[in-house]
Protein chains: 2
Amino acid sequence: MIQKFRFGTPIKTDATVAELPVIPVTAAKDAAALTKFFRLSLENGFSLSLAMDDADAVYGLGEANRGINKRGYKYVSCCTDDPNHTEDKVSLYGAHNFIMLIGQESFGLFLDYPADICFDIGYTKQNELTISTDGTDLDVYLITAEESATAAPSSRPAGNFAESAALSIVRQFRTLIGHSYIPPRWAFGYIQSRWGYMDEKDIRRVAKGYRDNHLPLDSISMDIDYMEDYKDFTVHPERFPDLAALSAEMKEQGLHFVPIIDAGVKIEPGYDVYEDGVKNNYFCKRADGTDFVAGVWPGKTHFPDFLNADARKWFGDLYKRLIDAGIEGFWNDMNEPAIFYSEEGMEDAITKASELMKSKDNPDLNTFWGMRDVFNISNDHADYKRFYHNMDGNKIRHDKVHNLYGFNMTRAAAESFDTICPNKRLLLFSRSSYIGMHRFGGIWTGDNQSWWSHLLLNIKMMPSLNMCGFLYSGADLGGFGSHTTRDLLLRWLAFGIFTPLMRNHAALGTREQECYQFEGLDDFREILKLRYRLIPYLYSEFVKAARNDALLFTPLAFVFPQDKTACEVEDQLLLGESLMLAPVYQPNVSGRTVYLPEDMLFVKFTSATEYSMEPMDAGWHYIGCALNEVALFLRKGHLLPLCPPCECTKQLDYTSFELIGEAGKGISYELYTDDGYTKNMEQEGKYVTLTL
Amino acid sequence: MIQKFRFGTPIKTDATVAELPVIPVTAAKDAAALTKFFRLSLENGFSLSLAMDDADAVYGLGEANRGINKRGYKYVSCCTDDPNHTEDKVSLYGAHNFIMLIGQESFGLFLDYPADICFDIGYTKQNELTISTDGTDLDVYLITAEESATAAPSSRPAGNFAESAALSIVRQFRTLIGHSYIPPRWAFGYIQSRWGYMDEKDIRRVAKGYRDNHLPLDSISMDIDYMEDYKDFTVHPERFPDLAALSAEMKEQGLHFVPIIDAGVKIEPGYDVYEDGVKNNYFCKRADGTDFVAGVWPGKTHFPDFLNADARKWFGDLYKRLIDAGIEGFWNDMNEPAIFYSEEGMEDAITKASELMKSKDNPDLNTFWGMRDVFNISNDHADYKRFYHNMDGNKIRHDKVHNLYGFNMTRAAAESFDTICPNKRLLLFSRSSYIGMHRFGGIWTGDNQSWWSHLLLNIKMMPSLNMCGFLYSGADLGGFGSHTTRDLLLRWLAFGIFTPLMRNHAALGTREQECYQFEGLDDFREILKLRYRLIPYLYSEFVKAARNDALLFTPLAFVFPQDKTACEVEDQLLLGESLMLAPVYQPNVSGRTVYLPEDMLFVKFTSATEYSMEPMDAGWHYIGCALNEVALFLRKGHLLPLCPPCECTKQLDYTSFELIGEAGKGISYELYTDDGYTKNMEQEGKYVTLTL
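Rules of the game
- Residues numbered from 1 in each chain as written.
- Chains lettered and ligands numbered in written order.
- Predicted model: local features only at pLDDT ≥ 70, side-chain atom pairs only at ≥ 80, totals over all residues.
- Heavy atoms only, no water.
- Pairing = 2+ DSSP bridges.
- Helix = DSSP H or I, 4+ residues; strand = E, 2+ residues; numbered from the N terminus.
- Contact = heavy atoms within 4.5 Å.
- Axes fitted to C-alpha atoms, helices over the stretch in contact; angles between N-to-C directions.
- Expected span 1.5 Å × (residues − 1).
- Buried < 20%, exposed > 50% of the residue type's maximum accessible area, 1.4 Å probe, protein only.
- Arc of directions from axis to C-beta.
- Least-squares fit on C-alpha atoms with pLDDT ≥ 70 in both.
- Buried area = accessible area lost by both parts, 1.4 Å probe.
- Salt bridge = Lys/Arg side-chain N within 4 Å of Asp/Glu carboxyl O.
- Polar contact = N/O pair within 3.5 Å; in protein donor to acceptor, adjacent residues only side chain to side chain.

1. Regarding the sheet that holds strand 23 (residues 427-430) of chain B
All names here are of chain B.
1) Next: Strand order across the open sheet formed by nine strands is 26-25-23-19-15-14-13-28-27, with parallel pairing between neighbours. The outermost strands of the open sheet, each flanked by one partner alone, are strand 26 (473-474) and strand 27 (476-477).
2) Next: Where strand 15 (residues 256-262) and strand 19 (residues 329-333) come together, three bridges link them in parallel fashion. Bridging across to strand 19, Ile261 finds its partner in Asn332.
3) Next: Lying on the sheet, helix 11 (residues 405-420) is in contact with strand 15, strand 19 and strand 23; it crosses strand 23 at an angle near 170°.

This is the structure in structure tokens:
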């Protein structure tokens with residue numbers, strides 16, 4: 001059951017799709033269903049707090065730091081460009097205000113509020129949960145499990161398991177917010193990317209590096225350097241003289257060229273996007289009505305007002321310029337929005353710096369600290385109060401709706417795609433997001449680092465993203481910032497082959513990390529080939545999850561809620577109906593311990609085509625898994641269908657499947673399939689029963 | 001066996017104590033024993049490289065990042081003040097050039113070279129080890145296992161186990177570098193610290209917070225604010241009007257006051273330390289003979305030339321000022337040396353900034369980057385080339401001997417202590433260090449963060465530190481930078497009670513993390529009391545390790561080299577002859593998996609005095625261990641003696657021990673004990689046999 005409580009006059013976010021009766025809260029008694037669990041306060045902003053039981057677990061928050069169980073820290077929903085996200089960071093690129101407490105009493109909350117929210121989940125006091133906002137205008141959805149949902153007996157096979165409270169709450173929440181975006185099937189192919197590919201030659205070199213070495217690949221995603229002076233919807237005339245020809249040439253090889261689009265539009269007289277935006281008042285404005293200026297990659301830019309429906313339409317239609325050149329996929333970036341500096345911030349900094357420089361003949365420690373920090377003005381919250389949106393004619397200051405910005409940039413593109421390409425799904429994913437954006441595109445998890453701990457974070461983040469509707473997602477495999485190593489990349493790929501978005505992406509200045517840069521290419525080749533063998537299963541499970549508002553990656557806790565050990569295991573995930581994953585995420589080990597909440601079949605791939613099978617009883621096991629191996633666990637009564645290995649999705653062969661499962665049991669799998677592009681999936685998609 | 005190869009004319013570091021025949025290397029053939037393993041190159045500096053076998057493990061490097069097995073990354077010996085040490089950082093506070101390869105052929109190397117050394121251990125190529133330096137003047141010690149040392153059968157009880165190759169190499173290396181520093185016994189008591197205690201009142205508040213709540217405590221360590229304007233060997237006249245009285249008052253309560261000493265000496269006419277240093281040429285000088293100026297906490301400072309024996313004596317004797325006020329322990333800090341800025345660096349930065357500021361009316365992105373980064377001049381390697389030492393009359397540029405600086409600051413103190421307090425051991429530990437310093441004092445592992453990953457790093461670093469002679473060591477429990485949480489602190493303390501240096505330390509601006517700041521004090525109290533119950537065992541094992549050049553913390557790999565699983569387990573440690581530790585280092589778990597390389601007794605403390613015992617067979621186990629519990633494993637044939645709980649070392653009762661072990665086996669433990677202060681341990685220390 002979902003109850004919708006309205007506090008004050010919330011801003012319309014379009015996060016949800018279901019129409020629910022509104023319970024307006026003017027006094028605490030109006031929110032009795034909420035205050036049954038929480039202490040509600042409307043003094044000094046809005047807050048809800050409760051005392052947690054030792055055994056309570058807290059889930060949700062989508063793209064947030066730390067574990068699947070979010071207890072033990074605080075998190076602030078505030079879309080932030082922070083690639084150096086160590087354990088203590090409270091804000092990442094997305095803002096996903098869905099939280100769920102599972103315990104003696106279980107419930108979910110969605111706070112539809114697009115400004116900062118703090119979730120203190122046992123940080124200030126170990127057993128206290130407090131959710132607070134500065135404002136008091138918001139919708140709060142309280143979701144309780146369906147009556148039928150109870151703790152599932154751990155021996156029930158998946159697919160048939162009684163729905164746990166957690167799964168019931170998630171399913172209801174997902175129904176509230178609408179079906180998830182489904183990309184074209186080729187988007188499940190492996191993507192290579194790097195900030196630093198400068199021209200066509202670089203692209204061809206990457207394509208050749210993969211194709212010559214028979215390393216599977218489906219796409220090359222292109223960072224900011226394809227543009228002319230970082231101007232959106234331009235292509236550099238010397239470095240990429242003929243995008244359409246390049247795109248066609250790539251497609252010949254079964255490759256897609258996936259360009260980036262940044263939020264900020266370069267200020268440059270004569271640049272039509274800039275001029276049209278100015279003319280039509282499509283850019284975010286200062287209080288005085290002038291266009292706000294932010295320094296980003298192109299230098300000074302204006303921010304399109306994606307919260308203005310007209311501006312959204314205008315910006316979205318601009319993607320046609322690239323689509324007409326054969327482009328079928330995009331990634332939207334810098335849309336928190338990232339602000340290197342605002343004109344105002346820069347001016348203040350320069351004034352302060354000039355003041356400090358006066359003592360330059362004998363600077364003291366304070367002068368030094370001052371000078372060192374004076375230009376640390378990037379992503380300054382003060383800037384969020386310096387510009388405004390035009391939402392349905394209302395002037396709304398950015399900080400009140402900060403977390404909607406990236407969402408609406410991606411929505412702009414997606415809505416236009418429906419007109420530009422009415423019959424074909426395009427690939428679209430974003431860095432920043434808010435709940436609701438999951439209907440329009442996927443997300444990658446932002447700029448991470450080549451750290452083993454970020455591989456583990458990737459693993460732990462996937463189910464939380466799924467809870468919030470983000471199914472098409474993945475991390476920068478190998479790590480974006482800092483230098484990767486061969487073993488880290490291999491282990492990361494061995495997990496990444498299971499994530500819908502499977503992209504290797506690295507930053508300028510870091511070690512080159514295309515697979516062919518390393519020794520021992522066989523190891524990479526076999527892991528990538530296995531990805532392609534898995535695509536029919538992944539795509540099928542993905543579509544089912546999207547259409548049924550279900551999880552693709554499921555925490556063990558949600559399926560085995562009465563198994564205390566399973567509930568604490570966060571480095572293993574269920575994937576679809578058939579699989580449990582237990583990735584290796586540590587260096588210098590040849591295996592790991594795995595907890596089986598039920599008897600399973602341990603399947604270890606020593607190459608894309610060779611594997612061993614070993615039935616294992618429920619309980620703890622140590623499994624060997626070398627750097628070039630991929631381990632997975634097959635659930636009883638389920639199958640894993642594998643197609644033949646290939647080097648791109650164009651070659652996918654749906655006519656012959658190898659079925660892995662317990663012999664002689666007559667187990668079957670319902671495989672969803674379609675042409676990989678159709679938007680008319682209900683009609684054109686079909687289910688094929690595969691039986692062992 | 002140890003062979004000493006001399007390349008060129010090395011700088012005398014005093015890292016080693018044993019006299020060995022020198023094999024001068026003028027051509028590759030001179031180094032046949034080395035080139036048996038390595039490719040040696042003397043072009044473009046010095047380098048040794050070899051192809052590693054998949055099964056080889058690499059150990060050593062003391063205070064270095066990442067795992068016990070150092071494979072898979074690179075490390076640069078260059079003492080660096082970097083509190084934000086994420087996985088990708090290659091240099092920490094210490095420089096410990098001992099490395100050991102264990103495999104089909106095993107050997108250790110010590111590179112006695114006090115400038116930068118890069119250890120590329122499978123970073124550039126996964127199976128390639130390369131050790132390289134820019135210079136070619138160094139001593140290289142090659143250590144091979146004694147003939148008798150072989151892989152130990154894993155069933156042999158500790159204490160009697162055949163010495164593995166790793167243990168043989170470490171023991172020989174430790175004999176080469178001399179016995180480790182032994183602190184007074186009270187230094188095994190719990191230490192509370194914080195940067196931010198401003199005055200006597202703060203100190204009394206901390207003392208009261210612990211004593212009133214019956215939370216055991218032995219020391220309060222004092223950061224920079226006790227000094228007058230951060231001037232070494234001064235005490236702030238208002239904030240600490242009578243240090244001797246305060247020290248006496250503390251001692252009444254069984255507490256020690258442990259002040260910090262920083263490397264840089266404030267430039268201030270009238271300040272005698274400054275004036276004496278200038279007058280006697282005791283400070284590091286520029287090429288032109290003027291005293292080098294570095295900005296550190298006091299503002300502009302000079303660096304004492306600790307590599308000059310006279311300056312060392314002068315500086316060491318200054319500690320007497322505080323010792324005379326009753327101080328019995330010190331920590332030496334900022335001695336990498338940390339340099340916020342040099343006068344030259346500041347001048348350059350100001351020139352660049354002035355240039356950039358010219359375009360201040362219309363700054364572009366490059367101007368912005370420039371301004372943002374222009375004052376990032378702290379710990380700039382360029383500064384290491386701007387000052388010189390006077391070593392035995394030779395003018396040596398700092399970068400050539402950078403890693404000796406902290407070592408010799410601590411040596412300065414220790415050597416003077418022998419004169420000032422000939423009969424009493426004082427507590428002394430340092431931030432920066434080089435091998436050799438272990439004879440003079442301990443180290444803490446520098447400014448870490450309140451990250452769970454830094455708790456794990458603490459666990460993994462302990463045995464590596466021990467290999468390099470640093471036995472008295474520990475991390476800032478709870479984490480220095482960023483905000484801690486109750487659960488993190490509890491788990492960290494539950495490991496910290498086993499580290500010789502057990503200090504809770506936090507940075508200014510972070511959450512207060514004295515134990516009494518949190519709810520549920522019972523949990524803290526029992527864990528701290530257990531520490532005190534353990535001290536007789538810890539002190540006894542510590543002294544044995546120091547005198548026998550042995551490890552206190554031993555990797556499982558060194559004792560069970562034929563057990564492949566044991567060799568890979570890095571989150572468990574052997575501690576002394578009796579114990580194996582398996583700390584919990586993850587949030588939101590009520591236990592963990594543990595690998596037992598042999599049958600052991602699982603002992604779980606639910607309070608300081610209550611515990612359960614469960615014999616466990618060799619193999620993998622999952623053990624429950626709640627946030628307020630401490631788990632340990634007792635090795636077969638061994639005892640753990642526990643004294644009664646108490647609140648400070650002054651109250652330690654050596655007359656009645658509780659002995660934990662397998663019943664009815666007549667097992668005994670040799671307990672070393674003394675008065676806790678004597679330097680004459682051979683004569684005054686004694687061994688008591690405790691028998692179950």
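2. With respect to the sheet that holds strand 10 (residues 117-121) of chain B
Residue and element names in this part refer to chain B.
1) Next: Pairing is antiparallel across the open sheet formed by five strands, whose spatial order is 3-4-11-10-6. The outermost strands of the open sheet, each flanked by one partner alone, are strand 3 (39-41) and strand 6 (73-77). For this sheet, the mean angle separating the axes of adjacent strands, direction not counted, is 10°.
2) Next: Examined bridge by bridge, strand 3 and strand 4 (residues 46-51) share three bridges and lie antiparallel to one another. Looking at the pairing, Leu40 lines up with Leu48 of strand 4.

3. Some points on helix 8 (residues 343-357) of chain A
All names here are of chain A.
1) Next: Between its terminal C-alpha atoms helix 8 stretches 21 Å, which fits the 21 Å expected from 15 residues at 1.5 Å a residue.
2) Next: Residues of helix 8 that are buried include every one of Gly345, Met346, Ala349, Ile350, Ala353 and Met357, and no others. Along helix 8, the residues classed as buried sweep out an arc of 130° about the axis, all on the same side. Set apart from the buried face of helix 8 by more than 90 degrees, the exposed residues are Glu347, Thr351 and Lys352.

4. Examining the relation of the copies chain B and chain A
1) Next: You can overlay chain B on chain A at an RMSD of 0.0 Å; the transform is a turn of 180° with a shift of 0.0 Å along its axis. Both copies of the chain, as the preceding transformation shows, are related through a two-fold rotation axis.
2) Next: A share of 100% of interface residues in chain B that are also interface residues in chain A marks the association as one of identical surfaces.

5. Observations regarding unusual backbone geometry
1) Next: Backbone torsion omega between Glu336 of chain A and Pro337 of chain A reads -5°, so that peptide bond is classified as cis.
2) Next: Positive phi values are uncommon outside glycine, yet Asp14 of chain B reaches one of about 60°.
3) Next: Secondary-structure assignment places Asp14 of chain B in the loop between strand 1 (2-7) and strand 2 (22-25).
4) Next: For Asp14 of chain B, a relative accessible area of 21% corresponds to the partly exposed category.
5) Next: Residue Arg66 of chain B is not a glycine yet carries a positive backbone phi of 70°.
6) Next: You can see Arg66 of chain B is positioned in the loop between strand 5 (57-60) and strand 6.

6. Comments concerning the pairing of strand 18 (residues 299-302) of chain B
All names here are of chain B.
1) Next: Judged from the two bridges that link them, strand 16 (residues 265-266) and strand 18 form a sheet pairing that is antiparallel. When the sheet's bridge partners are listed, Val265 is paired in strand 18 with His302.
2) Next: In this sheet, strand 18 lies alongside strand 17 (residues 294-296) in antiparallel orientation, the contact comprising three bridges. Within strand 18, the position partnered with Ala294 by the bridge is Thr301.
3) Next: If you look at the hairpin formed by strand 17 and strand 18, you'll find two residues sitting between the two strands.

7. Examining the interface of chain B and chain A
1) Next: Of the residues lining the interface, 60 residues belong to chain B; the matching set on chain A comes to 60 residues.
2) Next: Together, the buried faces of chain B and chain A total about 5,400 Å²; carbon and sulfur atoms form 55% of this surface.
3) Next: Area buried by chain B at its contact with chain A is led by Gln126, Phe368 and Asn588 of chain B, which between them contribute 12% of it.
4) Next: Summed over the shared surface of chain B and chain A, the result is zero salt bridges.
5) Next: Here chain B is connected to chain A by 24 residue pairs in polar contact (both at pLDDT 80 or more).
6) Next: At the level of secondary structure, the elements contributing two or more residues to the side of chain B that touches chain A comprise strand 18, helix 8 (343-357), helix 9 (365-374), helix 12 (452-467), helix 13 (486-496), helix 16 (564-568), strand 32 (591-596) and strand 35 (619-624) of chain B.

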